[in-house]
Amino acid sequence: MNGKAATGGEARTRLERGRTALGPALELVHTGRAPTRAVLTAELGVTRATAGAVAAELEALGLISVDAKPSAAAGSQGRPSHRLSVAGTGPVALAAQVHADGFRAALVGLGGEIVATAPGCETIDADPAQVLGAVVDEGARLLRETGRRCVGAGLAVPSAVAEPEGTALNPLHLAWPAGAPVREIFADRVRAAGVTGPAFTGNDVNLAALAEHRHGAGRGARDLLCVATGHRGVGGALVLDGRLHTGSSGLALEVGHLTVHPEGRPCHCGSRGCLDVETDPLAFLTEVGVRPGPEGLLNQARTLLAERYADPAVRVAAEVLIDRLGLGLAGLVNILNPDRIILGGLHRALLDADPERLRAVVADRSLWGRSGGVPILACTLDHNSLVGAAELAWQPVLDDPLGALG
Ligand SMILES: [Zn+2]
């Protein structure tokens with residue numbers, strides 16, 4: 001083989017290696033795991049030249065910024081390196097969330113950064129097309145105002161989303177018809193509003209878990225279990241090796257219907273005493289003995305816990321819910337063996353109110369006392385379902401930045 005051919009082959013190999021490294025490199029910057037080019041080089045397992053070419057390509061695509069001059073990281077002993085960050089004026093995803101108390105639109109950049117939000121709306125029409133049209137219009141308005149390029153749109157709904165149809169199977173607290181084709185409606189509205197890129201739809205707790213795994217309390221977990229109660233009902237999600245476990249038809253982790261109080265409240269599923277109706281904000285307010293106010297169930301319940309925990313009625317109600325939540329979590333731990341549990345919505349507030357009690361209940365009910373060792377943490381992101389909805393729209397770019405944007 002002559003020298004010239006070898007050089008051509010090397011260049012081609014470097015180009016191919018660089019191309020296939022673009023997605024993994026972007027994901028490392030996106031999730032905060034590659035703050036510098038030196039770390040990127042080490043994480044990708046490539047040469048410094050390849051990592052430099054990859055970072056330059058992502059910068060040329062408008063996705064990341066590479067500091068021109070190398071600098072030492074604060075408090076680090078390592079040699080100075082070029083700092084990497086997501087581009088401040090780069091593309092965004094349109095994210096939308098619908099919940100029992102309203103809807104919200106936002107633009108979310110790489111790194112899970114919420115760039116702009118529209119004020120949340122407080123009422124939900126019984127016609128999904130009306131609601132999704134309104135939330136998409138809000139998002140389209142934000143895109144016009146900011147002038148940012150859009151990579152696509154993602155929607156979070158408080159219902160299991162059946163695959164592959166993309167229908168909302170049980171939008172129980174929305175007065176939407178069961179089986180509403182939400183993915184199709186959302187995609188139609190996105191196209192009609194002139195928003196570029198593909199459109200995606202997922203369950204709100206699944207998306208919250210995905211966002212927390214990439215940017216929040218779930219970072220670094222291998223078998224991450226997320227349990228959350230937003231406005232009504234309880235949802236669960238499992239992220240395995242960085243991917244959502246959604247089951248064969250999108251319906252895995254319907255944790256809301258675990259029985260935690262056999263003589264308890266009747267549940268809309270036909271059973272009784274389910275986690276769904278025993279540990280959500282309405283259950284808490286009922287247990288305290290207060291009527292739902294105008295501020296929304298979750299806000300009202302959180303405010304009671306934060307400001308009136310000394311009131312025996314509030315504390316006793318919190319303990320009742322913590323014990324039932326603990327029972328449900330222990331069952332899930334025994335089945336799923338997660339290495340971390342994160343709690344969102346009111347469950348996060350209950351954990352904050354009395355972390356020792358919740359951990360003790362889980363440990364008491366565990367197999368061989370092992371489940372007590374599973375860390376139980378609070379979700380840390382504001383609007384994690386919105387950020388997760390944006391993750392769906394970002395995924396094609398993370399998989400192949402050049403193919404999606406080049
Ligand atoms: Zn039930």
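Colleague: Which parts of the structure should I look at to understand the coordination of the zinc ion?
Modeller: Ideal donor angles around a metal are set by the shape: a four-donor tetrahedron calls for 109.5 degrees, a six-donor octahedron for 90 or 180 degrees. Of the protein atoms, only His 257 (ND1), Cys 267 (SG), Cys 269 (SG) and Cys 274 (SG) coordinate the zinc ion, at distances of 2.0 to 2.3 Å. Coordination at the zinc ion is tetrahedral, judged from the four donor atoms that bind it and the angles of 106 to 118 degrees they form at the metal. Motif for the zinc ion, donor spacing along one chain: H-x9-C-x1-C-x4-C. Highlighted residues: His 257 in the loop between strand S12 (243-244) and helix H7 (275-278) and Cys 267 in the loop between S12 and H7, separated in sequence by 10 residues.

Colleague: Is there a simple way to think about empty space enclosed by the protein in this case?
Modeller: Empty space among the atoms can be located by rolling a probe the size of a water molecule over them. Here the structure, examined in full by the defined rule, presents one cavity of 30 Å³ or more. The computed volume of the largest cavity comes to approximately 50 Å³. Lining the largest cavity, in full, are Leu 63, Val 86, Ala 87, Gly 90, Pro 91, Gly 109, Leu 110, Glu 113 and Arg 148. Of the residues assigned to the lining of the largest cavity, the class counts are five nonpolar, two polar and two charged.

Colleague: Hey, could you run me through the side chain of Thr 36 in this one?
Modeller: Checked against the element boundaries, Thr 36 lands in the loop between helix H1 (3-30) and helix H2 (37-44). Sequence-distant contacts of Thr 36, defined by excluding residues within four places in its chain, comprise Ser 81, His 82, Arg 83 and Leu 84.

Colleague: I keep staring at unusual backbone geometry and nothing clicks. Help me out?
Modeller: Glycine aside, negative phi is the norm for most residues, and most peptide bonds take the trans geometry. For the bond running from Glu 163 to Pro 164, omega is 5 degrees, close enough to zero to count as cis. Note on placement: Pro 164 falls in the loop between strand S7 (161-162) and strand S8 (167-168). The phi dihedral of Ala 175 is positive, around 65 degrees, even though this residue is not glycine. With respect to the helices and strands, the residue Ala 175 is situated in the loop between S8 and helix H5 (182-192). For Ala 175, a relative accessible area of 59% gives the class exposed.

Conventions adopted
- Residues numbered from 1 in each chain as written.
- Predicted model: local features only at pLDDT ≥ 70, side-chain atom pairs only at ≥ 80, totals over all residues.
- Heavy atoms only, no water.
- Donors = N, O, S within 2.8 Å, 3.2 Å for Na, K, Ca; no water.
- Tetrahedral: all angles 85-135°; square planar, octahedral: opposite > 155°, others 65-115°.
- Helix = DSSP H or I, 4+ residues; strand = E, 2+ residues; numbered from the N terminus.
- 1 Å grid on protein atoms, 1.4 Å probe; cavity = no way out; pocket = protein on both sides within 12 Å on 5 of 7 lines; lining within 4 Å.
- Points joined across faces, edges and corners; volume = space filled by probe spheres on them.
- Nonpolar A, V, L, I, M, F, W, Y, C, P; charged D, E, K, R; others polar.
- Contact = heavy atoms within 4.5 Å.
- Buried < 20%, exposed > 50% of the residue type's maximum accessible area, 1.4 Å probe, protein only.

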